[in-house]
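One letter stands for each residue in the lines below.
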Amino acid sequence: MIHSFSEKTFKRICNQLAKKDVHLAEVLKTYGHPPMWTRTNSFESLVHIILEQQVSLASALAALKKLQAHTGQLIPEAVLKLTDAELRACYVSRQKAVYIRGLAEAIISGKIDLDGMHRLPDVVIREKLTTLKGIGNWTVDVYLMFVLQRADIFPAGDLAAVNALKRLKTLPKDTSKEELIAVAEKWAPHRTVATMILWHHYLSAGRKKQPEAGSNQP
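Attention here is on the structure that accompanies the text.

**Here's the deal with the environment of Asp 122**
The topology assignment puts Asp 122 in helix α8 (residues 122-129). Sequence separation of Asp 122 and Ile 197 is 75 residues, and the distance between their C-alpha atoms is 21 Å.

Following this line, the structure appears as structure tokens:
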């Protein structure tokens with residue numbers, strides 16, 4: 001079954017989570033409801049997520065804007081026409097250039113059909129995308145959460161979400177990934193929205209503008 005959320009249900013789900021978890025309730029009481037972060041279901045959005053792997057959001061956005069300016073329209077065909085030198089000039093590392101070209105080729109060949117993704121279960125989307133070089137669980141998590149608004153994702157590889165969870169619940173710094181996932185399971189089937197509350201806490205407490213999406217793995 002596909003579980004998603006929308007602008008109409010987002011705040012209601014936040015309030016439901018607050019009734020289940022006193023720490024999430026405190027975030028809403030202190031900072032209000034989080035933004036509902038969204039992105040379009042496009043090649044450009046996936047490129048943006050790839051660029052965000054293991055770097056600051058500011059650096060990734062700078063590279064994205066360079067690519068947009070250089071191509072005019074950030075579509076697979078335009079990216080495949082870029083030389084290695086042109087990609088480097090857009091702040092795209094050699095490794096990420098390989099990932100982005102692979103994604104472009106997969107979309108052009110029909111191996112990946114973004115338009116059809118909304119009809120597929122999370123597990124099938126993960127299987128399809130992770131066959132591509134450079135796309136791992138964190139990248140798929142962000143795609144599912146921001147692009148498809150899937151409701152029950154906890155991105156265990158996201159540093160901001162993990163650090164916010166530890167801080168909010170005063171967990172030891174060496175709390176394992178498995179233990180964090182177990183804590184997050186209490187928020188099912190709305191772990192995505194709970195994570196957005198975590199990001200809201202992270203940003204508001206740290207006076208930042210965007211969630212630091214980052215991971216140890218792509």
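Now that the structure has been shown, we can carry on.
**A closer look at helix α2 (residues 22-31)**
Those residues of α2 not exposed but buried are Leu 24, Val 27 and Leu 28. In an axial view of α2, the angular spread of the buried residues amounts to 95 degrees, which keeps them on one side of the axis. Residues Val 22 and Lys 29 are exposed on α2 and point more than 90 degrees away from its buried face. For α2, the elements touching its buried residues are α1 (7-20), α10 (159-168) and α12 (191-206).

**Points about the pattern of salt bridges**
Oppositely charged side chains may form a pair once their charged atoms are brought near each other. Throughout the structure, instances matching the rule amount to 6 salt bridges. Ionic pairing is found between Asp 21 and Lys 169, a salt bridge with its closest N-O pair at 2.8 Å. Note that Asp 21 is positioned in the loop between α1 and α2 and Lys 169 in the loop between α10 and α11 (177-184), a separation of 148 residues in sequence. By relative accessible area, Lys 169 is classed as buried at 17%. Close ionic contact of Arg 150 with Asp 122 constitutes a salt bridge, the shortest N to O distance being 2.6 Å. Residue Arg 150 is found in the loop between α9 (137-147) and α10, and its partner Asp 122 is found in helix α8; the two are separated by 28 residues along the sequence. Since its relative accessible area comes to 2%, Arg 150 is described here as buried.

What counts, and at which threshold
- Residues numbered from 1 in each chain as written.
- Predicted model: local features only at pLDDT ≥ 70, side-chain atom pairs only at ≥ 80, totals over all residues.
- Heavy atoms only, no water.
- Helix = DSSP H or I, 4+ residues; strand = E, 2+ residues; numbered from the N terminus.
- Buried < 20%, exposed > 50% of the residue type's maximum accessible area, 1.4 Å probe, protein only.
- Arc of directions from axis to C-beta.
- Contact = heavy atoms within 4.5 Å.
- Salt bridge = Lys/Arg side-chain N within 4 Å of Asp/Glu carboxyl O.

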